[in-house]
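Summary of the model geometry
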Amino acid sequence: GQQLNQSPQSMFIQEGEDVSMNCTSSSIFNTWLWYKQEPGEGPVLLIALYKAGELTSNGRLTAQFGITRKDSFLNISASIPSDVGIYFCAGHSGPAQKLVFGQGTRLTINP
Amino acid sequence: DAGITQSPRHKVTETGTPVTLRCHQTENHRYMYWYRQDPGHGLRLIHYSYGVKDTDKGEVSDGYSVSRSKTEDFLLTLESATSSQTSVYFCANSGDRDGKLFFGSGTQLSVL
């Protein structure tokens, strides 16, 4: 089946640093989504991207839908302690298809 | 907030026993999903529903069954629990099949 490769698997950064993570696939997706999961909770949708090349921001978060439609990137600027969590990318091929999740990037921030 | 309540939040059971996890939504969303989350695997779809009594398998459906007799409730049953089914289980719903899911807080299941 379809698989998403998300990297890095984990990140340890200092507060205030910028963060970059990405997701790649061997398959084309029509929609890319980024979710964040905090400890003890379910994932929450951060950003959804619908068009190749699209760049979308949500506060300090910026995500891009790759031109090839096989990848996506998430950047977090000026990280703060509440950014800690696991970030998941997800790809969607269309209404009849199921959502595919990456393995997650665990973000840890040292104050 | 998509109004999803999962119960129980934690459960410990023994191998071979049946287990049912419940997901309740306060919205009238058509689509509901059950995922399991394991280290190194992310979220994997077990079963999903696209309406009352309409369900289909996901990528890891073996050993699991589901039922949806009402719009608001989606049940996941492990007929005979095994240690490999120790996991965190998440229910989610969506109003459309656009990938925008709203998740519950999860059920931590341990099978001893």
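Residues numbered from 1 in each chain as written. Chains lettered and ligands numbered in written order. Predicted model: local features only at pLDDT ≥ 70, side-chain atom pairs only at ≥ 80, totals over all residues. Heavy atoms only, no water.

For the rest of this paragraph, the subject is the pattern of salt bridges. All names here are of chain B. For the structure shown, the criterion picks out 6 salt bridges over all chains. The residue Arg-22 makes a salt bridge to Asp-73 at a minimum N-O spacing of 3.3 Å. Separated by 51 residues along the polypeptide, Arg-22 in strand E3 (residues 19-25) and Asp-73 in strand E8 (residues 73-78) bring together distant segments of the chain. Given a relative accessible area of 36%, Arg-22 falls into the partly exposed group. (Salt bridge = Lys/Arg side-chain N within 4 Å of Asp/Glu carboxyl O. Helix = DSSP H or I, 4+ residues; strand = E, 2+ residues; numbered from the N terminus. Buried < 20%, exposed > 50% of the residue type's maximum accessible area, 1.4 Å probe, protein only.)

Below, the discussion takes up the sheet that holds strand E8 (residues 71-76) of chain A. Residues and elements named next belong to chain A. Taken in spatial order, the 5 strands make up an open sheet running E1-E3-E8-E7-E6, and their pairing is antiparallel. The outermost strands of the open sheet, each flanked by one partner alone, are strand E1 (4-7) and strand E6 (55-58). With strand direction ignored, the average angle separating the axes of adjacent strands in the sheet is 15°. Pairing of strand E3 (residues 19-25) with E8 involves 6 bridges; the strand directions are antiparallel. Its bridge partner lying in E8, Ser-20 is registered against Asn-75. (Pairing = 2+ DSSP bridges. Axes fitted to C-alpha atoms, helices over the stretch in contact; angles between N-to-C directions.)

Residues and elements named next belong to chain A. In terms of burial, strand E4 (residues 31-37) is largely enclosed, as 7 of its 7 residues are buried. What you see with E4 is no split at all: Thr-31, Leu-33, Tyr-35 and Gln-37 on one side and Trp-32, Trp-34 and Lys-36 on the other are buried throughout. Pairing analysis gives 7 bridges linking E4 to strand E9 (residues 85-92), with the strands arranged antiparallel. Bridging from a neighbouring strand, Trp-34 pairs with Cys-89 of E9. With 5 bridges joining them, E4 and strand E5 (residues 44-49) adopt antiparallel strand pairing. Considered in E5, the bridge of Trp-32 is made with Leu-49.

Next up on the list: the interface of chain A and chain B. Size of an interface, as often reported, equals the accessible area lost when the parts are brought together. With 22 residues of chain A at the interface, the matching set in chain B holds 20 residues. With both sides pooled, the region where chain A packs onto chain B buries about 1,500 Å², and carbon together with sulfur makes up 55% of that total. Broken down residue by residue, the surface that chain A buries against chain B is led by Pro-43, Lys-98 and Phe-101 of chain A, which jointly contribute 31%. Between the two partners, chain A and chain B, sit 0 salt bridges. The interface formed by chain A and chain B contains 7 residue pairs in polar contact (both at pLDDT 80 or more). Mapped onto the side of chain A that touches chain B, the elements with two or more residues apiece are E4, E5 and E9 of chain A. (Contact = heavy atoms within 4.5 Å. Buried area = accessible area lost by both parts, 1.4 Å probe. Polar contact = N/O pair within 3.5 Å; in protein donor to acceptor, adjacent residues only side chain to side chain.)

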